[in-house]
Amino acid sequence: MNIDWLSAAALAVVIGFFIIIYLLQKKNGNFTVIILGSLAAGAVVGILFSGHTSWVMPIGKIYVSTLNAIVSPLIIVSILSSITSLGSTAQLKGIGLRSVCWLLMTTLLAILLSLGLGLTFGVGRNSYLSLDGIDAQSFQSKVVPFSQVFIGFFPRNVISDIAEENTIPMILFAVLIAVSYVVAANKNHEKVAIFKSFIEALKEIIFKAVDFIISLTPYAVLALIATATGNGISRSGIMWSLLVLLLVSFIAFALDTWVINAVLIKSFARLNPIKFFRKILPAQVVGFSTQSSAGTLPISTGILVREIGVDPKVANFTAPLGTTIGMPGCAGIWPILIAVYGINGLGINYGIRDYVLLAVISLFVSLGTAGVPGTATITTASVLTAMGLPLELIVLSIPISAIADTGRTATNITGAMVASAIVGRQENSLNDKIFNKVEAYESELDEDNGWSGKIEDTEPDNGVPIGAGCRL
């Protein structure tokens, strides 16, 4: 049996870094610093052992699979707990409508940004694209009509919806059960009190599992980045036009993430953007590494509640909704840039009306995205088909799609967290004491409790109770 000694050496180096991470966690090192250090270490391993990270790859894959496994139970239990704690269904209506509005708004702004950048930089221009010999039939099955997308919003079998990670049907089912409880509790509280107790007990168990999984995040980030970097360097043959497309994509991701969202956070959530981005950095890094918005949900929700100060009833509703509605990276920026790339490269004559229609269709498609790796392919296929553009463009973009997915996911996560903070502010459910004085709340990462935080002296100005739900 031939042993790939370079792959074995890569694994040995990674294990060495794992020991360092473990020692830093034992000393209660800063979680963000450890995450960033893991990212840097992973990049070094990937560069040194380019093309020989196959033994490291399973570590990251196992973590992502485990993280995805906890997402569905977390969404259902979080929404059930949040709504059953509400005093009335009127609060739910306000949170729900505002959440959808702001998630779509972040995507619309991303669409307009990418359209402007794509036309300004002329992505695909003078590339003289040829689609001869490119087979795109496999992508036809990925196109889903909007009518079918809309039907898919509603639950048909909660077990299959959980198994297939259909987020919106899960949310609607949880809302139905929770609202039914609120109505029943108003009539006969004693009769249904056991249901509320069961949900709270289940939430404690699920959150404890999430704590444990999150404590393993630095190890997974190191393995995932090492694999992605190693595989990326070993690939070659990318066209210059695709490199320009990739560069413009990351410019769009950066501007949307840190400029547009900074304006939104300052104007509508009335929070310091620099401090906000510093706090959400761990979620962005994990999303960048795992390329899964849904998989990052436990971390992003925890940061929203424990460090941003968003009330659990808002964070546990808006953030999960943001994994399937909106998605500015996958449903806003990427489909638009691929479309513009094809329009310029193929010399298609497009007018203002056509570009307006392109923007509108992309916004509608964003209503049915799913926060898992590969979502951008589905949304792009739907947009191209609706606009009569060839699906072969997706095949051309494959060499850079995996790289772009890192930025797409981080952009998605940021948009959902920004929308959550804005909804929290507008619902009078954002605790400024937590946001401005988080160091006073003894937030720490330790091996016994995972990623947890003790909140002291947190009686909010807005009357929102901060209790066990802030522990995530």
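Residues numbered from 1 in each chain as written. Predicted model: local features only at pLDDT ≥ 70, side-chain atom pairs only at ≥ 80, totals over all residues. Heavy atoms only, no water.

**Section: the packing of aromatic side chains**
Here comes step 1: All told, the structure shown has 6 aromatic pairs when counted by the stated rule.
Here comes step 2: Their ring planes at 65° and their centres at 5.3 Å tell us that Tyr350 and Tyr355 sit as a pair that is edge-to-face. Of the two residues, Tyr350 and Tyr355, both sit in the buried class.
Here comes step 3: The positively charged end of Lys279 is found above the aromatic ring belonging to Phe435, 5.4 Å away from the centroid.
Here comes step 4: Across the ring face of Trp334, the terminal group of Arg408 is positioned such that the distance to the ring centre comes to 4.7 Å. (Phe/Tyr/Trp six-rings, centres within 6.5 Å; stacked < 30°, edge-to-face > 60°. Buried < 20%, exposed > 50% of the residue type's maximum accessible area, 1.4 Å probe, protein only. Lys NZ or Arg CZ within 6 Å of the ring centre and 35° of its normal.)

**So, the packing of helix α10 (residues 240-269) against helix α14 (residues 328-345)**
Here comes step 1: Running from N to C, α10 and α14 point in directions that differ by 145°, and their axes come no closer than 11 Å. The way α10 lies across α14 gives a crossing that is right-handed. Counting all contacts with α10, which are made through Ser241, Leu242, Leu245, Val248, Ser249, Ala252, Phe253 and Asp256, the residues of α14 involved are Pro328, Gly329, Ile333, Trp334, Leu337, Ile338 and Tyr341.
Here comes step 2: Here the residues of the contact of α10 with α14 are counted per class, giving 11 nonpolar, 3 polar and 1 charged. (Axes fitted to C-alpha atoms, helices over the stretch in contact; angles between N-to-C directions. Helix = DSSP H or I, 4+ residues; strand = E, 2+ residues; numbered from the N terminus. Left-handed = near helix turned anticlockwise from the far one by under 90°. Contact = heavy atoms within 4.5 Å. Nonpolar A, V, L, I, M, F, W, Y, C, P; charged D, E, K, R; others polar.)

**Considering the pattern of salt bridges**
Here comes step 1: By the definition in use, this model includes 7 salt bridges.
Here comes step 2: The salt bridge involving Glu307 is made with Arg306; its shortest N-O contact spans 3.2 Å.
Here comes step 3: Here Asp311 makes a salt bridge to Lys313, at a shortest N to O gap of 3.6 Å. Of the two residues, Asp311 and Lys313, both sit in the buried class. (Salt bridge = Lys/Arg side-chain N within 4 Å of Asp/Glu carboxyl O.)

**Details of the nonpolar core**
Here comes step 1: Formed by 73 residues in total, the largest nonpolar core has its most connected members in Leu271, Phe276, Ile308, Met417 and Ala421.
Here comes step 2: Counting 40 residues, the second-largest nonpolar core is a separate cluster that includes Ile333, Ala339, Tyr341 and Met387. (Core = buried A, V, L, I, M, F, W, Y, C linked by side-chain atoms within 4.5 Å.)

**Looking at helix α12 (residues 297-308)**
Here comes step 1: For α12, a buried count of 12 out of 12 residues is recorded, marking the element as mostly surrounded by other parts of the structure.
Here comes step 2: The set of residues buried in α12 consists of Leu297, Pro298, Ile299, Ser300, Thr301, Gly302, Ile303, Leu304, Val305, Arg306, Glu307 and Ile308.
Here comes step 3: A positive backbone phi angle near 95° is found at Gly309, which sits one or two residues after α12.

**Looking at unusual backbone geometry**
Here comes step 1: Even without glycine at this site, Asn28 takes up a positive phi of about 60°.
Here comes step 2: Mapping Asn28 onto the fold places it in the loop between α1 (5-26) and α2 (31-48).
Here comes step 3: With a relative accessible area of 41%, Asn28 lands in the partly exposed category.
Here comes step 4: Phi angles above zero are rare outside glycine, and Asn428 is one such case at about 55°.
Here comes step 5: We classify Asn428 as partly exposed; its relative accessible area is 46%.

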